[in-house]
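The residues making up each chain are set out below.
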Amino acid sequence: MTAQDHGLAALGLDGVPALQPLTYPGLPVTVPSLLTGAELLPLRARRGGLGAWTVGGGRRPHRPLDEVLAGLGRTPVAGRLPVIAVGSNASPGQLSHKLTRLGIPGAVPMVPVRLRGIGIGCSAHIGRAGYVAAAPYGAPEARAALVVSWLDGAQLAAVDATELPNYRRVRLPGDAYGMTLPSGERLGEAYVYVSARGLLADPVTGAPRPGGGDQAVLLDALLDASPRLRELLGPDAATWVRRAAADPELRARGTLLFAEEGWVLPWTELPVPPG
């Protein structure tokens, strides 16, 4: 195996939902990895904290993550914040795009973490790229493995800029959400972006509409449910994202229609799960 084998393109993980909205949320990492711009290097879990996990694979010698980050001139794990992704931030292609387009080095540990208490719905707004993005909500019965990225100060500011003002970043206590690393160790805390716009309701159950799935199916369902939305952004999902991405006014009008149709649940907080 060569270094080229770890390239995002070779791994099929170079897709960027911001540029191809109907691919939202993109393909997530499925194993612990270190994103380094256009490469995704394997991370081997071990006891002793994330900074002691080793980076390597193929002909690369295994070295502690903090040592690799230092060699790249990047911030060690202790100086980073863990941020949970419920949407496209779990996609290395999307995260790399958000950072490298601003000239920010994309050295980011990305790790699937087991946790409980977080459901994934749809934020009640139309984003800049034209898609309807995912948003978390409190669901005590939920169990999932969600990707956590450890971001340094510059990376965090760049990601914040793509989320605000439609989302707010909030801290979640690790013990309350049962956050468990692949090493078996517990994560003390993590941050997540919650929607400042509320969530879309499922018209049948009244509960949050499931998010993070096939974007075209979601948009077509919304168009079918609202003649006014269909007139504004239809007739189909491809037309929706093309028109919405090009026109901020259309995005604002479509977002307003969500509320006028009575689809918006004002659930923007994540309560601490019981037990």
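Everything discussed here concerns the structure shown above.
Residues numbered from 1 in each chain as written. Predicted model: local features only at pLDDT ≥ 70, side-chain atom pairs only at ≥ 80, totals over all residues. Heavy atoms only, no water.

## Concerning the overall build of the chain
The test is simple: Helical segments are the DSSP runs of H or I of at least four residues, strand segments are the runs of E of at least two, and each set is numbered from the N terminus. Each radius of gyration reported is based on C-alpha atoms, and the globular scaling rule is 2.2 Å times the count of residues to the power 0.38. Throughout, exposure labels follow a simple rule: accessible area from a 1.4 Å probe, protein chains only, divided by the maximum for the residue type, with under 20% read as buried, over 50% as exposed, and the rest as partly exposed. Contacts are assigned to residue pairs that have any heavy atoms within 4.5 Å of one another. Under the convention used here, a 1.4 Å probe and the Shrake-Rupley method define accessible areas, while residue burial counts only the protein chains that appear.
Across its full length, the chain carries eight helices and eleven strands. Computed over its C-alpha atoms, the radius of gyration of the chain comes to 19 Å, within 12% of the 19 Å expected for a compact globule of 275 residues. Here the chain holds 275 residues, and 53% of them are scored as buried. Contacts in the chain between residues at least 24 apart in sequence constitute 68% of all its contacts with a sequence separation of at least 6. Just so you have it, the chain exposes about 11,900 Å², and 56% of that area is on carbon and sulfur atoms.

## A look at the nonpolar core
Quick reminder of the rule: Nonpolar cores are built from buried Ala, Val, Leu, Ile, Met, Phe, Trp, Tyr and Cys residues. Side-chain atoms within 4.5 Å join them into one set.
Counting 64 residues, the largest nonpolar core has Ile-84, Leu-172 and Met-179 as the members making the most contacts within it. Ranked by residues supplied to this core, first place goes to strand β7 (residues 134-151) with ten residues. Beyond its immediate sequence surroundings of up to four residues, Met-179 is in contact with Ile-84, Val-113, Arg-114, Leu-115, Leu-172, Pro-173, Gly-174, Glu-185, Arg-186, Leu-187, Glu-189 and Ala-190. Core analysis: the second largest hydrophobic core is formed by 20 residues, Leu-229, Ala-244, Leu-257 and Phe-258 among them.

## With respect to helix α8 (residues 248-260)
The cut-off we apply is this: Expected span of a helix, by definition, is 1.5 Å for each gap between consecutive residues, and there is one gap fewer than residues. Regarding the arc, it is the one traced by the directions from the helix axis to the C-beta atoms. For this analysis, a polar contact is any N or O atom pair within 3.5 Å, provided that within protein one partner can donate a hydrogen and the other can accept it, and provided that sequence-adjacent residues contribute only side-chain to side-chain pairs.
In a regular helix each residue adds 1.5 Å, so 13 residues correspond to 18 Å; α8 covers 18 Å between its end C-alpha atoms and thus fits that length. Taken residue by residue, α8 has Leu-250, Arg-251, Gly-254, Thr-255, Leu-257 and Phe-258 as its buried positions. Each buried residue of α8 sits inside an arc of 155° when the element is viewed along its axis, so together they form one side. Turned more than 90 degrees away from the buried face of α8, the exposed residues are Pro-248 and Glu-249. Each element contacted by the buried residues of α8 is listed here: β10 (199-200), α5 (215-225), α6 (227-233), α7 (237-246) and β11 (264-265). If you check the start of α8, you find a side-chain oxygen 2.9 Å away from the backbone N of Glu-249, and it comes from Asp-247.

## Things to note about helix α3 (residues 92-100)
Counted residue by residue, α3 has seven buried out of nine residues, so it is predominantly covered. For α3, the full list of buried residues reads Pro-92, Gly-93, Gln-94, Leu-95, Ser-96, Lys-98 and Leu-99. Here the buried face of α3 lies against α1 (8-11), β1 (33-36), β2 (39-44), β6 (107-122), β7 and α4 (153-163).

By themselves, these are just geometric observations and shouldn't be taken as functional.
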